Amino acid sequence: MPSFMEPFRIKAVEPIPFPTADERREALAAAGYNLFRVPARRITIDLLTDSGTAAMSAAQWSALLSGDESYAGARSFERFEGVVRDLTGFSEVLPVHQGRAAERILLGNVLRLGDISVSNTHFDSTRASVEAAGAEAVDLPVPAYEGVANPFGGDLDLDALAELLTGRSGGRIRCVVLTVTNNANGGQPVSLLNIAGARKLCDEHGIPLFLDASRFAENAYLITEREAGYADSAPREIAQTMFSLADGCWASLKKDGMANIGGLIALRDKELAAHCAEQVIAVEGFPTYGGLAGRDLDALAQGLLEVTDPDYLRYRAETARWFGEQLRLAGLPVLQPTGCHAVYVDAGLLLDHIPPQQLPATAFANELYLAGAVRVCELGTLVFGRRSPDGGPDIPAPRELVRFALPRRVYTASHLEYVVDTAEEVRSKAAELHGYRIVTQGGALRQFTAGLQPV
Ligand SMILES: Cc1ncc(COP(=O)(O)O)c(C=O)c1O
């Protein structure tokens, strides 16, 4: 039995499919052994992502009806703007349709050819926006030590940043970005101490500090659990302190916005915001709706109020912790400590007979689908490996991780128990599993479209 209880009851339900073993085999083969290409009607439990997959509350569904669909200056925008200003303290608020639009517009205005953006870890779409501006994305995560669990494994390496700032390329650094929580680094939080340290270095060198605040509430909650002196603080207060240390932020609101679509840019600098607004007009829409319907803005305004509820956040963190522990007890190598939005399993340790070029993380994820129609996300050589410049075997990813993402308020503990049982079944036949080879692939982000074949 889990030690937590879902702090909500269920008002609307959606049936989940139970494809047979034959249907699963056929669906996977028809998808070129790539889970992104398997139709959702063939999935029983979908832990592919926590992005855009949240269940909205009754208050959010009712907020949809008060959506004002006026083209300009809608009441829905005023509500959204008010909530974002109160949360972040940033006066300039621009909605956009999702996170990558915010990144593309803001970073496109901040960065020029040859500049450097430094981050604890740029998320892949963030890195793509930095590179689209002709700049270089430099990741400086705190070093990880084998077997040592760092409570703030999402932190930026401040010593390395200081060294870079005073070194030969220091003059090229145009911004520092803290991704909270650090999605590409196990969903681990960034401490307030680390944000304050980055602020100090940015002030000393006259550089802006931005937050990629897609999971700001989860980061704030983990600070109350893990950082000395904040156990009695409200997650909302912590979030406000995090924002107060930055010059601006962007966010994919498909995560802690608790809705299914949306993003934002929020800034102190009016001139920068005016430049961004011009681009929002060009590619998203008038700056008071930014590619969203008025009703989306209302659902997001309500979601941004709900997400910092301490009961919700405690349940969220405890779910991940309990789920991670059950997987560990089932014999799976689980990354510790767990964060909030996902649990990560190191499939490379489990399937050490499969070489990285034969995609052990994909092998594990595909077998989980075949065993129980559970969909997870491979974060191994298919996603992070690189093609060898001389046409030889792929350069492998550092680790063969599989991410079990947790959609917000969607699955109960018994759904997750089913996933644990399925994972245990896969673990029990680990030695029999085979790898995959890539037969078709695109350029960047090949994981979404690649076609594979069993080896
Ligand atoms: C940390 C982070 N930043 C940015 C994005 C991009 O957001 P979106 O998917 O809404 O474009 C994501 C998406 O997963 C993310 O996790």
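As annotated in an unreviewed UniProt entry, the protein chain carries the name Tryptophanase and is attributed to Amycolatopsis bartoniae. UniProt, in the comment section headed Sequence similarities (unreviewed entry), describes the protein chain in these words: "Belongs to the beta-eliminating lyase family." Checking UniProt for the protein chain, the heading Cofactor (unreviewed entry) contains the comment "pyridoxal 5'-phosphate".

Caption draft 1: Local environment of the pairing of strand β7 (residues 248–252). For β7, the tally of buried residues reaches five of five residues, placing the bulk of the element in the interior. Here β7 shows a buried face lined by Gly248, Trp250 and Ser252 and a second buried face lined by Cys249 and Ala251. Bridge count for strand β6 (residues 209–212) against β7 is three bridges, and the pairing is parallel. Residue Leu211 lies in a different strand from β7, and its bridge partner there is Cys249. Pairing geometry for β7 and strand β8 (residues 263–267), over five bridges, is antiparallel. Pairing of Ala251 across the sheet is with Leu264, part of β8.

Caption draft 2: Spatial organisation of the packing of aromatic side chains. Taken as a whole and judged by the stated rule, the model has 12 aromatic pairs. Seen from their ring centres, Phe8 and Tyr315 are 5.5 Å apart, and the 85° between their planes marks the pair as edge-to-face. Linking Phe8 in the segment before α1 (21–30) with Tyr315 in helix α12 (residues 310–329), this pair joins segments that are 307 residues apart in sequence. Each member of the aromatic cluster is reached from another via a ring pair, and the members are Phe4, Phe8, Tyr312, Tyr315 and Trp322.

Caption draft 3: Spatial organisation of the domain arrangement of the protein chain. Taken domain by domain, the protein chain consists of domain 1 (21–50 + 309–454) and domain 2 (58–306). Averaged C-alpha coordinates put domain 1 and domain 2 at centres separated by 27 Å. Counting from both sides, the interface comprises 21 residues of domain 1 and, opposite them, 23 residues of domain 2. Interface of domain 1 and domain 2: buried area, both sides summed, is about 1,800 Å²; carbon and sulfur atoms make up 53% of it. A per-residue breakdown of the area domain 1 buries against domain 2 is headed by Leu313, Pro337 and Arg408, which together make up 28% of the total. The interface formed by domain 1 and domain 2 holds six salt bridges in total. Glu218 serves as the salt-bridge partner of Arg316, at 2.7 Å between the closest nitrogen and oxygen.

Caption draft 4: Here's a closer look at the UniProt feature "modified residue: N6-(pyridoxal phosphate)lysine" (unreviewed entry) in the protein chain. Mapped onto this numbering, the UniProt entry gives "modified residue: N6-(pyridoxal phosphate)lysine" (unreviewed entry) at Lys255. Positionally, Lys255 belongs in the loop between β7 and β8. Those residues in contact with Lys255 that sit more than four places away from it in its chain are Asp50, Ser51, Ser214, Arg215 and Arg408.

Caption draft 5: Broad picture of the site of the ligand. Around the ligand there are 14 residues in total, and Gln98, Arg100, Asp212, Ser252 and Lys255 lie nearest to it. Contacts to the ligand include Gly99, whose backbone N or O atom sits 2.9 Å from an oxygen atom. Within the contact set of the ligand, an oxygen atom lies 2.6 Å away from a side-chain nitrogen or oxygen of Arg100. Across the complex, the protein chains shield 95% of the 390 Å² of accessible surface that the ligand would expose by itself. A total of three residues in the shell around the ligand trace back to one element, the largest contributor, which is helix α4 (residues 99–110). Residue classes in the shell around the ligand are distributed as one nonpolar, seven polar and six charged.

Caption draft 6: Spatial organisation of the environment of Ile265. Within the secondary structure, Ile265 is located in strand β8. Residue classification places Ile265 among the buried positions, given a relative accessible area of 1%. Placed 156 residues apart in sequence, Ile265 and Asp421 show a C-alpha to C-alpha distance of 42 Å. Each residue touching Ile265, except ones within four places of it in the same chain, is listed here: Glu92, Val93, Leu94, Ala102, Ile105, Leu106, Cys249, Trp250 and Cys276.

Caption draft 7: Spatial organisation of the pattern of salt bridges. Tallying each qualifying case throughout the model produces 27 salt bridges. The partner of Glu131 in a salt bridge is Arg127, with the nearest N and O atoms 3.5 Å apart. In this pair, Glu131 and Arg127 both sit in helix α5 (residues 124–132), four residues apart, roughly one turn of the helix. Residue Arg127 is classed as partly exposed on the basis of its relative accessible area, which comes to 27%. Here Arg409 makes a salt bridge to Glu306, at a shortest N to O gap of 2.9 Å. Here Glu306 lies in helix α11 (residues 294–306) and Arg409 lies in the loop between β12 (401–405) and α16 (413–428), a separation of 103 residues in the sequence. By relative accessible area, Arg409 is classed as buried at 16%.

Caption draft 8: Spotlight on the sheet that holds β12. An order of β9-β12-β11 is seen for the three strands of this open sheet, with the pairing classed as antiparallel. Two strands in the sheet have a free side with no partner beyond their single neighbour: β9 (342–346) and β11 (377–379). Taking each pair of neighbouring strands and ignoring which way they run, the sheet shows an average axis angle of 30°. As paired elements, β9 and β12 share five bridges and run antiparallel to each other. Counted as the bridge partner of Val345 is Val402 from β12. Across the face of the sheet, α12 comes into contact with β9 and β12 while running at roughly 25° to β9.

Calculation criteria
Residues numbered from 1 in each chain as written. Predicted model: local features only at pLDDT ≥ 70, side-chain atom pairs only at ≥ 80, totals over all residues. Heavy atoms only, no water. UniProt positions renumbered as here; feature names shortened; annotations may be inferred. Buried < 20%, exposed > 50% of the residue type's maximum accessible area, 1.4 Å probe, protein only. Helix = DSSP H or I, 4+ residues; strand = E, 2+ residues; numbered from the N terminus. Pairing = 2+ DSSP bridges. Phe/Tyr/Trp six-rings, centres within 6.5 Å; stacked < 30°, edge-to-face > 60°. Domains from an automatic or database assignment. Contact = heavy atoms within 4.5 Å. Buried area = accessible area lost by both parts, 1.4 Å probe. Salt bridge = Lys/Arg side-chain N within 4 Å of Asp/Glu carboxyl O. Near = heavy atom within 4 Å. Polar contact = N/O pair within 3.5 Å; in protein donor to acceptor, adjacent residues only side chain to side chain. Areas by Shrake-Rupley, 256 points an atom, 1.4 Å probe, with all protein chains shown as cover. Nonpolar A, V, L, I, M, F, W, Y, C, P; charged D, E, K, R; others polar. Axes fitted to C-alpha atoms, helices over the stretch in contact; angles between N-to-C directions.

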